[in-house]
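Notes for the structure review
Listed here are the chains, written in short residue letters.
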Amino acid sequence: MVKFFPRCRGGGARQQRDLLRKVKPRRRRRHATDGEKEEEEGGGGRGGRTRTTARFRWERKKKRKKRECRVRETDMLQVPRLSLRRRLSVLSGGVCRPILWRRRPIAFLCYALSVSALRPLAKRVALYRSFPTRLLSRAWGRLNGVELPMWLRKPVYSLYIWTFGVNMQEAAVEDLHHYRNLGEFFRRRLKAAVRPLCTSSCLISPADGRILHFGQVKNSEVEQVKGVTYSLESFLGPQKRRSNDPSSSFRDLLLSSPDNDLFHVVVYLAPGDYHCFHSPTDWKVELRRHFPGSLLSVNPGVARLVKELFCLNERVALTGQWQHGFFSLTAVGATNVGSIRVYFDQELQTNAPRYSKGSFHDRSYVDDGVLKVAGEGGVVSVEEGGVVLQKGAAVGEFNLGSTIVLLFEAPKDFSFNLQPGQRIRVGEGLGSV
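**Quick notes on the sheet that holds strand E6 (residues 276–278)**
- Strand order in this open sheet of 3 strands is E6-E14-E10, and the pairing throughout is antiparallel. Edge positions in the open sheet fall to E6 and strand E10 (340–342), since each of these has one partner strand only. Averaged over all pairs of adjacent strands, the angle between their axes in this sheet comes to 20°, without regard to strand direction.
- One ladder, built from 3 bridges, connects E6 with strand E14 (residues 394–398); its direction is antiparallel. Residue pairing across strands places histidine 278 opposite alanine 394, the latter belonging to E14.

**Some words on the pattern of salt bridges**
- In this structure the tally under the stated criterion is 17 salt bridges.
- The shortest N-O distance in the salt bridge between arginine 289 and aspartate 362 comes to 2.7 Å. Of the two residues, arginine 289 sits in strand E7 (residues 283–291) while aspartate 362 sits in strand E11 (residues 361–364), which places them 73 residues apart along the sequence.
- The exposure class of aspartate 362 is partly exposed, given its relative accessible area of 41%.
- Across the pair arginine 363 and glutamate 347 runs a salt bridge whose closest N-O atoms are separated by 3.5 Å. Residue arginine 363 is found in strand E11, and its partner glutamate 347 is found in the loop between E10 and E11; the two are separated by 16 residues along the sequence.
- Exposure remark for glutamate 347: the relative accessible area of 53% places this residue in the exposed category.

**Some points on the pairing of E14**
- The buried fraction of E14 amounts to 5 of the 5 residues, a majority that puts the element mostly inside the structure.
- Sheet topology note: the E10/E14 ladder contains 3 bridges and is antiparallel. Looking across to E14, one finds that valine 342 is bridged to glycine 396.

**Some remarks on the sheet that holds strand E16 (residues 415–416)**
- Taken together, 3 strands build an open sheet; the order of strands is E1-E18-E16 and the sheet is antiparallel. Across the chains shown, the open sheet's two edge strands, defined by having one partner strand only, are strand E1 (203–204) and E16.
- With 2 bridges connecting them, E1 and strand E18 (residues 429–432) associate as antiparallel partners. Across the sheet, the residue bridging to isoleucine 204 is glycine 429, located in E18.

**Details of the nonpolar core**
- In terms of nonpolar packing, the biggest core is built from 35 residues, with Ile404 and Phe408 touching the most fellow members.
- Put simply, the parts of the chain that give this core at least two residues each are strand E5 (260–268), E7, strand E8 (315–322), strand E9 (325–332), E10, strand E13 (386–389), E14 and strand E15 (403–411).
- Element by element, the count of residues in this core is highest for E15, at 4 residues.
- Beyond its immediate stretch of four places on either side in the chain, isoleucine 404 contacts Pro206, Ala207, Val265, Val266, Val267, Leu269, Phe277, Leu329, Thr330, Ala331 and Phe398.
- Of all hydrophobic cores here, the second largest spans 27 residues; its members include Leu212, Val222, Leu262 and Ala303.

**Observations concerning the pairing of E9**
- Counting buried positions over the 8 residues of E9 gives 8, a clear majority of the element.
- Two strands pair when backbone bridges link them, and E8 and E9 are joined in this way by 8 bridges, in the antiparallel orientation. Note that in E9 the partner of threonine 319 across the bridge is serine 328.
- With antiparallel pairing between neighbouring strands as the criterion, E8 and E9 make up a hairpin whose turn holds 2 residues.
- Inspection of the sheet shows E9 paired to E15 by 6 bridges, in the antiparallel sense.

**Topic: the packing of aromatic side chains**
- By the definition in use, this model includes 20 aromatic pairs.
- Ring centres of phenylalanine 214 and phenylalanine 416 lie 5.2 Å apart, and the angle between their planes is 55°; this geometry places the pair in the tilted category. You can see phenylalanine 214 sitting in strand E2 (residues 209–216) and its partner phenylalanine 416 sitting in strand E16, a full 202 residues away along the chain.
- Linked through ring pairs, Phe214, Phe263, Trp283, Trp322, Phe327, Phe408, Phe414 and Phe416 together constitute an aromatic cluster.

**Notes on helix H7 (residues 133–144)**
- Counted at 1.5 Å a residue, the expected span for H7 with its 12 residues is 16 Å, and the 16 Å between its end C-alpha atoms agrees.
- Burial in H7 covers these residues: Thr133, Arg134, Ser137 and Asn144. Looking straight down H7, one finds its buried side chains confined to an arc of 100°; they lie on one side. Residues Leu135 and Arg142 are exposed on H7 and point more than 90 degrees away from its buried face.
- Buried residues along H7 sit against helix H9 (182–186).

Cut-offs used in this document
Residues numbered from 1 in each chain as written. Predicted model: local features only at pLDDT ≥ 70, side-chain atom pairs only at ≥ 80, totals over all residues. Heavy atoms only, no water. Pairing = 2+ DSSP bridges. Helix = DSSP H or I, 4+ residues; strand = E, 2+ residues; numbered from the N terminus. Axes fitted to C-alpha atoms, helices over the stretch in contact; angles between N-to-C directions. Salt bridge = Lys/Arg side-chain N within 4 Å of Asp/Glu carboxyl O. Buried < 20%, exposed > 50% of the residue type's maximum accessible area, 1.4 Å probe, protein only. Core = buried A, V, L, I, M, F, W, Y, C linked by side-chain atoms within 4.5 Å. Contact = heavy atoms within 4.5 Å. Phe/Tyr/Trp six-rings, centres within 6.5 Å; stacked < 30°, edge-to-face > 60°. Expected span 1.5 Å × (residues − 1). Arc of directions from axis to C-beta.

All we've got here are geometric facts, nothing functional implied.
Structure below.
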C-alpha cells in the first residue's frame, strides 16, 4: 500500500519523513503496551525507537523461556504410567491424567511399590522365609508377659480393641484393668452363655474365625486357600499302614471303610478373635504329634503366595477316632504365635530355640498312666484308649491368632453348611450326615 502525501511548502520532504516515522512504529507494533507507545511517541528519534523495540523483544523472549521451563518441569514431575493403566483407561473410555508428585505425595510410594512388585515372586517368598520369625515370636512372647502399670492398661487394650474390633461384651471379665499383661488379654475367657452348642449338627466349629476352605480331600492333596494345595502326608506325617496293598495312597491309609471319604475344614483366627479352641465333636485323642518349624504368617494373602505354608509352620496335630473313623485336629502356629498350649498335655513345649528341620515328636495317649489333665473349663477323661473329649470341651489356646485344620473321615453323603469366607463362632454347626 502506497500513500501519497501532498507536497508541503517549505521543507516538504523533511515533513514527509517525520510523518512516516510516526506511522510505521504504530503499524509494526500494534500489541505494544500503553507505556511503550508513550515512549515511542516521546522518543522521537531513531535511537529511542531502537531501544524500545529491543526491550520489547527481550521481555517477550523472557516470557517464552519461563513458559518453556514451566512445561518442562510439569513433564518431569509426571508419574510414569504403566501399560496396564493405559489399557484400562482406553477400555473404560476415560482419560488417564498425569499425577503430580508434589500434589499427591503418596503417588511416589505407590509407584515404588509397583516397581518392587515386578520382582520375581520366588525371590520375594525366599526373602520372607529367611526372616527370623521364631526369634521375633519369642521376643513378642516376652513382651506379652511384661506386666503393665495400672494407668497404662486401659489405653493399650483400648487401642487393640479399636484396631482389631474386639467385642469385650462377650468377655467373662470386661474390666480392662483386670488383665495384667497383653498375654492375659489375648487369652481372655468368654461368658458361658455366649457360645451355645449346635445340637442338630454332629460337627461344630472349634474356634472363632473365618472359613478359608472346606471340602473333600482328593489325590492326597488339601487346599489351604483356593488354588494353593499342600501334601496331606507332609502335613500329618507318616501313618500306620492299615492294608498290605503298597499301591494304596496316603488318603486310603486313613480311611477305615471304603464307604467313607476324607473331608477337611480350615478355620483362620484373626488377632481380634477368641483365641481358645474347643473340641468339635465327641472323640478320643490317641496321639499328639508336634512339628517344630517356621512361624510364617497364616494370613490368607500370605497363604496364596507360599505353597505348603501349613507344612512349613510349627504345628501340633491331635489324631484319634470318632464315630465315623479317623479324626484329627491340628493347631498351626504363626508369627507371634509360637506358644501353642494343650490343656491336658503339660509336656508340650513349642517354639524352642533349636530344632531339627523336618523332625517331629510323638506322644501316645494310649495306655499312658502318667498323663496329667489340666482343668481349664473343658470336660476330658483319660481312658485306656486315650483322652476322651466331649463336644465343646476346651482343648487349648493360642497366644495371638492362627489356624485350625480339621481332617476327618465321614460317610460320602456328608454335607457342609458353610460358605467360603464365612465368619463362624465356636459351637456353630459345620455340617451333618
